[in-house]
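Spelled out, the chains give:
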Amino acid sequence: MAKQNYYTYFTNYGPLSIAARGKYVTNVALGQREFPGAFEPSDVTNRCATQILQYLSGKRKGFDLPLAPEGTAFQKRVWASAEKIPYGQTRTASEVARAIGAEGSARSVGTALFACPISIIVPTHRVVRADGYTRGEDKQARLRAACLLLEKKVIEETRS
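A brief report on the enclosed structure follows. Remember, predicted model here, so these are calculated numbers, not experimental data.

Definitions and cut-offs
- Residues numbered from 1 in each chain as written.
- Predicted model: local features only at pLDDT ≥ 70, side-chain atom pairs only at ≥ 80, totals over all residues.
- Heavy atoms only, no water.
- Helix = DSSP H or I, 4+ residues; strand = E, 2+ residues; numbered from the N terminus.
- Rg over C-alpha atoms; globule rule 2.2 N^0.38 Å.
- Buried < 20%, exposed > 50% of the residue type's maximum accessible area, 1.4 Å probe, protein only.
- Contact = heavy atoms within 4.5 Å.
- Areas by Shrake-Rupley, 256 points an atom, 1.4 Å probe, with all protein chains shown as cover.
- Lys, Arg positive; Asp, Glu negative; His and termini not counted.
- Charge placed at Lys NZ, Arg CZ, Asp CG, Glu CD.
- Pairing = 2+ DSSP bridges.
- Salt bridge = Lys/Arg side-chain N within 4 Å of Asp/Glu carboxyl O.
- Phe/Tyr/Trp six-rings, centres within 6.5 Å; stacked < 30°, edge-to-face > 60°.
- Expected span 1.5 Å × (residues − 1).
- Arc of directions from axis to C-beta.

Examining the overall build of the protein
Here is step 1 of the chain: Broken down by element type, the protein carries 5 helices and 6 strands.
Here is step 2 of the chain: Moving toward the C terminus, one meets the helices and strands of the protein in the order β-β-β-β-α-α-β-α-α-β-α.
Here is step 3 of the chain: Rg of the C-alpha trace for the protein: 16 Å, near the compact-globule value of 15 Å for 160 residues, within the 12% margin.
Here is step 4 of the chain: Seen along its three principal axes, the alpha-carbon backbone of the protein occupies a region of about 40 × 40 × 25 Å.
Here is step 5 of the chain: Counting all 160 residues of the protein, 46% fall into the buried class.
Here is step 6 of the chain: Here the contacts in the protein between residues at least 6 apart in sequence split such that 57% fall between residues at least 24 apart.
Here is step 7 of the chain: In the structure as shown, the protein presents an accessible area of about 9000 Å², 50% of it carried by carbon and sulfur atoms.
Here is step 8 of the chain: For the protein, the centre of its 23 positive side-chain charges and the centre of its 14 negative side-chain charges are spaced 2 Å apart.

Considering the pairing of strand β3 (residues 24-30)
Along any regular strand, the residues point their side chains to alternate faces of the sheet.
Here is step 1 of the chain: Within β3, 5 of the 7 residues are buried, which leaves the element mostly enclosed by the surrounding structure.
Here is step 2 of the chain: Hairpin connection of strand β2 (residues 14-21) to β3: 2 residues between the antiparallel strands, including G22 at a positive phi of 65°.

As for the pattern of salt bridges
Pairing is possible between side chains that carry opposite charge, provided their charged atoms lie close to one another.
Here is step 1 of the chain: The tally for this structure, following the rule as stated, stands at 3 salt bridges.
Here is step 2 of the chain: With a closest N to O distance of 2.3 Å, K3 and E40 form a salt bridge. Residue K3 is located in the segment before β1 (4-11), and its partner E40 is located in the loop between β4 (38-39) and α1 (43-56); the two are separated by 37 residues in the primary sequence.
Here is step 3 of the chain: A relative accessible area of 29% places E40 in the partly exposed class.
Here is step 4 of the chain: Where E70 meets R21, a salt bridge forms, and the shortest distance between an N and an O atom there is 3.5 Å. Of this pair, E70 sits in the loop between α1 and α2 (73-83) while R21 sits in strand β2; the two residues are 49 residues apart in sequence, bridging distant segments of the chain.
Here is step 5 of the chain: On the basis of relative accessible area, E70 is assigned to the exposed category, the value being 61%.
Here is step 6 of the chain: Here R21 falls in the partly exposed class, since its relative accessible area comes to 23%.

Some remarks on the packing of aromatic side chains
Here is step 1 of the chain: Enumeration over the complete set of coordinates arrives at 6 aromatic pairs.
Here is step 2 of the chain: Both rings, one in Y55 and one in F63, keep their centres 5.6 Å apart while their planes meet at 45°; by these two values the pair is tilted.
Here is step 3 of the chain: With 6.4 Å between their ring centres and 85° between their planes, Y55 and Y87 make a pair best called edge-to-face. One end of the pair, Y55, is in helix α1; the other, Y87, is in the loop between α2 and β5 (91-92), with 32 residues separating them in the sequence. Of the two residues, Y55 and Y87, neither departs from the other in class, the shared state being buried.

Some thoughts on the sheet that holds β1
Here is step 1 of the chain: Taken together, 4 strands build an open sheet; the order of strands is β3-β2-β1-β4 and the sheet is mixed. Here the strands that pair on one side only, and so sit at the sheet edges, are β3 and β4.
Here is step 2 of the chain: One ladder, built from 8 bridges, connects β1 with β2; its direction is antiparallel. Counted as the bridge partner of N5 is A20 from β2.

With respect to α1
Here is step 1 of the chain: Between its terminal C-alpha atoms α1 stretches 20 Å, which fits the 20 Å expected from 14 residues at 1.5 Å a residue.
Here is step 2 of the chain: Residues V44, T45, C48, A49, Q51, I52, Y55 and L56 constitute the buried set of α1. Around the axis of α1, the buried residues are gathered within 165° of arc, so they sit on the same side.
Here is step 3 of the chain: Its buried side turned inward, α1 meets β1, β2, β3 and α5 (139-159).
Here is step 4 of the chain: Of the residues one or two after α1, G58 is the one with positive phi, at around 80°.

Rendered as structure tokens:
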């Protein structure tokens, strides 16, 4: 069985915990979280942290990491669809549901996005309410909104 580890990195948005199994990233969570395995960094958690920090500073628009998030087949289809949303653009849960051939399952799509263990890497923040805003008021919602604002700012600066 592949070695499991996790480590907490510090960002301008607060601590970020990253977990891995062998050479695959399995979890990314805001805050100091414990995951199975040893509390120690590894090449893949360091690489993940570096890429997230680059993204948060506006220097990266996508991620190049080996991923192994755990989820149901439906969740994985939703996450794969969210990964296809271009940088700086948004979709609604209804649009994602249509894209995966599950029209009428917007609530289930929302639930799957909320359960994504590798948010930020999978840009779940690009799926917004019908009114264009992120849902929720907690730290995660504020981070989703900050990611959207960052992406729009980077796009505007690129055009200038």
